[in-house]
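Spelled out from the first residue to the last, the chains are:
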Amino acid sequence: MLELRKGEEILLTVGGIQTLDEARKVFSNHLPASEQKKLATITTSDALVKIANSIVMCRPEAVYVNTGSEEDIQWIRNYSLQRGEERRLAKDGHTIHFDLPQDQARLVNQTFYIINEGEKMSSLAKSVLRRDALDYVRQFMPGIMAGMTMIIGFYSRGPVGAEASVPAIEISSSGYVLHSAELLYRNCYADFDAEVVRAGLFFTNLHAQGDNTPEDVPNARIFMDRSWMTTFATFCTYAGNTLLLKKGNHRFSVDYATYWKPEEQLSEHMFITGLTGPGGRKTFFAGAAPSGCGKTTTAMVGTDFIGDDLAQFWIDGAGVLRAINPEKGIFGIVEDVNREGDPYLMDCLRGDGTEVIWSNVLIKDGVPYWVGNGEKAPSDGVNFQGPWHQGKLDANGKPVPMSHKNSRCTLLASAIANHATELAEDPAGVPIKVITYSGRDADTMPPVWVARNADEGVAIGASIVSKATATEVGATGVNRQPWANAPFIPGALADYMHAQFTFFNSNKFSAATRPIMAGLNYFLTHGNRGGQGNGLLGEKKDVKVWLGWLELFANGDVEGISTPIGYLPKYEDLVGLFAGIAKNYSRELYDMQFALYIDLIVARLDLQRAAYGKEVDVPPTLYTVYERQKSELLALKASWGAVVSMDKLR
Ligand code: SPV
Ligand code: MN
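Residues numbered from 1 in each chain as written. Chains lettered and ligands numbered in written order. Predicted model: local features only at pLDDT ≥ 70, side-chain atom pairs only at ≥ 80, totals over all residues. Heavy atoms only, no water.

Caption draft 1: Representation of the sheet that holds strand E3 (residues 94-97). The strand order E2-E3-E19-E24-E18 describes an open sheet built from five strands, whose pairing is mixed. The open sheet has two edge strands with one neighbour each: strand E2 (87-88) and strand E18 (329-333). Direction of pairing for E3 relative to strand E19 (residues 356-359): parallel, over a ladder of four bridges. Considered in E19, the bridge of Thr95 is made with Ile357. (Pairing = 2+ DSSP bridges. Helix = DSSP H or I, 4+ residues; strand = E, 2+ residues; numbered from the N terminus.)

Caption draft 2: Quick peek at the coordination of the manganese ion (ligand 2). Looking at the manganese ion (ligand 2), one finds its protein donor set to be Lys247 (NZ), His269 (NE2) and Asp309 (OD), positioned 2.1 to 2.3 Å from the metal centre. Each donor residue of the manganese ion (ligand 2) belongs to the same chain, and together they define the spacing K-x21-H-x39-D. One end of the pair, Lys247, is in helix H10 (residues 247-260); the other, Asp309, is in the loop between strand E15 (304-307) and strand E16 (311-315), and 62 residues separate them in sequence. In this structure, Lys247 and Asp309 share a single accessibility class: buried. (Donors = N, O, S within 2.8 Å, 3.2 Å for Na, K, Ca; no water. Buried < 20%, exposed > 50% of the residue type's maximum accessible area, 1.4 Å probe, protein only.)

Caption draft 3: Expanded view of the domain arrangement of the protein chain. Segmentation of the protein chain into domains returns domain 1 (10-84 + 110-260), domain 2 (265-328 + 425-648) and domain 3 (331-415). For domain 1 versus domain 2, the separation of C-alpha centres amounts to 35 Å. Taken together, the contacts link 34 residues of domain 1 with 32 residues of domain 2. The junction of domain 1 with domain 2 conceals about 2,900 Å² of combined surface from both sides, 55% of it contributed by carbon and sulfur atoms. (Domains from an automatic or database assignment. Contact = heavy atoms within 4.5 Å. Buried area = accessible area lost by both parts, 1.4 Å probe.)

Caption draft 4: Up close: unusual backbone geometry. Although it is not a glycine, Trp483 adopts a positive phi angle of roughly 55°. Among the secondary structure elements, Trp483 is positioned in the loop between strand E28 (478-480) and helix H15 (493-504). Look at Trp483 and you get buried, because its relative accessible area is 0%. Positioned with a positive phi, Asp617 is a non-glycine residue whose angle comes to about 65°. Looking at Asp617, the relative accessible area reads 58%, which means it is exposed.

Caption draft 5: Examining the site of ligand 1 more closely. Every residue close to ligand 1 is listed here: Arg106, Tyr238, Gly240, Lys246, Lys247, His269, Ser291, Asp309, Phe331, Arg408 and Thr471. Contacts to ligand 1 include Arg106, whose side-chain N or O atom sits 2.9 Å from an oxygen atom. Ser291 places a polar side-chain atom, nitrogen or oxygen, 2.4 Å from an oxygen atom of ligand 1. Calculation on ligand 1 without its partners gives an accessible area of 280 Å², and the protein chains cover 97% of this total. Residues belonging to the shell around ligand 1 are distributed by class as follows: two nonpolar, four polar and five charged. (Near = heavy atom within 4 Å. Polar contact = N/O pair within 3.5 Å; in protein donor to acceptor, adjacent residues only side chain to side chain. Areas by Shrake-Rupley, 256 points an atom, 1.4 Å probe, with all protein chains shown as cover. Nonpolar A, V, L, I, M, F, W, Y, C, P; charged D, E, K, R; others polar.)

Caption draft 6: Geometry of the pattern of salt bridges. Across all of its chains, the model carries 41 salt bridges by this definition. Between Glu632 and Arg452 there is a salt bridge, with its nearest N and O atoms 3.1 Å apart. One end of the pair, Glu632, is in helix H20 (residues 620-640); the other, Arg452, is in the loop between strand E26 (448-450) and helix H14 (454-462), with 180 residues separating them in the sequence. Arg628 is paired through a salt bridge with Glu456; the nearest N and O atoms lie 3.1 Å apart. With Arg628 in helix H20 and Glu456 in helix H14, this pair connects stretches of sequence that are 172 residues apart. Since its relative accessible area comes to 1%, Glu456 is described here as buried. The network of salt bridges with common partners includes Lys246, Lys247, Lys295, Asp309 and Glu327. (Salt bridge = Lys/Arg side-chain N within 4 Å of Asp/Glu carboxyl O.)

Caption draft 7: Just H10, in detail. Compared with the 20 Å implied by 1.5 Å per residue over 14 residues, the 19 Å span of H10 between its first and last C-alpha is a close match. The element H10 is largely enclosed, with a buried count of 13 among its 14 residues. (Expected span 1.5 Å × (residues − 1).)

Caption draft 8: Up close: the packing of helix H19 (residues 598-613) against H20. Relative to each other, H19 and H20 sit at 160°, their axes nearing to 10 Å. Classified by the angle their axes make, H19 and H20 are roughly antiparallel. The way H19 lies across H20 gives a crossing that is left-handed. Here Ile598, Asp599, Ile601, Val602, Leu605, Asp606, Gln608, Arg609, Tyr612 and Gly613 of H19 lie close against H20, whose contacting residues are Leu622, Tyr623, Tyr626, Glu627, Gln629, Lys630, Leu633, Leu634, Leu636 and Lys637. In terms of residue class, the contact of H19 with H20 is built from 11 nonpolar, three polar and six charged. (Axes fitted to C-alpha atoms, helices over the stretch in contact; angles between N-to-C directions. Parallel < 35°, antiparallel > 145°, perpendicular 65-115°, else oblique. Left-handed = near helix turned anticlockwise from the far one by under 90°.)

Caption draft 9: Geometry of the environment of Gly294. Inspection of the secondary structure puts Gly294 in the loop between strand E14 (282-288) and helix H11 (295-301). Judged by its relative accessible area of 26%, Gly294 is partly exposed.

Shown next, in the form of structure tokens:
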């Protein structure tokens with residue numbers, strides 16, 4: 001069990017402010033009357049003490065309190081422009097922000113959980129002992145905001161008042177970070193104190209970019225203090241490292257759900273989207289995918305898009321699984337975003353009327369360009385590494401792409417045409433019927449399959465594997481990506497898995513409300529499935545079909561073919577769905593996509609078994625599922641050979 005408020009609180013230790021009275025003195029000494037007045041509205045004394053300690057420690061030249069008013073947001077936009085953190089682009093409301101070339105993605109090797117002596121951690125995470133983190137903060141953070149303004153904002157991770165929403169503070173010397181926070185999170189300045197009382201907790205985030213030079217980046221740290229639910233980020237600007245309202249607080253939410261809300265809440269790296277089915281019914285999905293694997297695209301395929309990155313779940317009094325998006329905006333990868341695959345997003349990016357912060361794309365004459373946009377590329381411009389021209393090589397002789405693979409766009413989700421803004425803002429959340437898990441899997445699992453029961457569903461999540469993507473600095477190879485949430489699971493994986501089994505097997509669900517759990521895989525290649533070459537077997541737009549089939553299955557309109565890995569679609573049920581996207585779906589393609597490649601699946605099960613065998617206290621149910629699936633698969637192989645097509649099983 002993780003203990004809260006355990007060990008020295010670093011901010012207090014370094015700042016030295018212990019009481020509300022002392023905090024108030026700091027405010028009257030350091031803040032102009034206007035900002036004192038704004039802060040006077042906040043009454044949560046722990047929050048005020050943390051803010052005062054941040055001021056004392058970081059020693060900013062000025063402090064600005066962001067109430068979320070249009071005037072304050074405009075002040076933040078201007079501050080970011082004045083400091084050169086963002087530059088205006090040709091289109092109204094568009095700006096460009098560049099992160100240093102060394103800081104283009106999450107700095108996984110510089111990201112640590114602060115732990116107390118003896119605490120159990122995820123085997124996939126890095127940790128730092130409390131006293132070492134304290135040493136770092138003492139060495140690098142005093143005076144780190146000299147000559148800069150500290151901006152303080154109050155946000156809600158979710159609609160105010162929702163069961164699983166948690167309020168949080170973002171403190172940063174970066175205008176870009178606060179500007180991003182305003183687009184991505186709900187400002188809850190007016191509701192902050194009430195929300196702290198309702199939720200019983202709040203998160204604190206402190207970021208300082210310092211001089212933001214390449215020489216400083218090796219000293220960059222992203223620290224998450226699990227016991228005090230406080231993050232520290234230094235010497236970097238990439239939002240995944242600095243706007244810790246996002247993944248820093250997601251990690252705390254995972255802890256919170258796992259250790260304090262078992263069978264009550266889950267906190268997942270999932271999109272949320274709704275699909276309109278026959279008769280106009282709406283079916284809501286939540287789906288996990290590792291970073292950079294098409295999660296945003298999948299989410300936007302829905303008719304009622306809610307969120308593209310994070311989801312907070314609970315089971316309501318009627319036994320219905322509900323979800324909210326802790327965010328209200330999108331920090332989306334732009335590579336391969338184009339008219340064909342992402343029409344609504346393209347309307348925002350190329351049309352008028354949407355505020356967009358671009359990062360790390362190519363700028364030419366004030367216009368952003370990126371790889372895979374389906375447009376004619378300019379021959380030169382300025383991008384994340386400085387001046388760029390077609391054919392430019394880096395110091396190692398490798399081509400420099402026009403835009404960084406992890407270049408992004410930040411905008412309000414409500415700007416997207418199919419965003420269901422009213423539903424997304426409803427504190428009641430949306431009712432989730434389908435949970436999906438996916439990764440970049442070139443050869444093993446079919447495009448879609450449905451678990452036969454909750455245990456097998458949890459095992460699908462536990463067994464995601466994926467090719468590395470550009471969202472983490474230095475990541476390569478094919479990795480295990482449990483629930484696509486592993487980078488954000490602080491505690492032991494076994495604890496998290498236990499919470500998953502408990503949640504999805506909960507008796508609070510009825511047969512009618514228990515969600516179905518499915519696997520999705522868009523990344524099979526011809527060469528790996530009996531054809532030729534590395535080309536993908538499917539297209540981006542096929543996502544609509546896989547979700548469409550799940551929509552029908554979840555509502556009992558179609559049946560699946562029962563296989564050892566779960567229910568697979570029947571060919572004839574897919575043909576109609578493909579017709580809906582104006583595509584002819586051949587039996588031959590179906591066989592390539594859905595035949596069971598038994599040796600590959602068994603090897604995958606063995607790999608997972610071996611890997612989890614190294615963790616302590618993994619729930620035995622996982623192994624029971626793996627063993628049952630393996631023996632059923634081997635029995636099939638004995639009858640039909642190593643590649644079993646679906647016509648054998650129906
Ligand atoms: C991801 O990489 O999963 C993201 C962006 O959603 S980041 O904020 O870097 O985590
Ligand atoms: Mn993400």
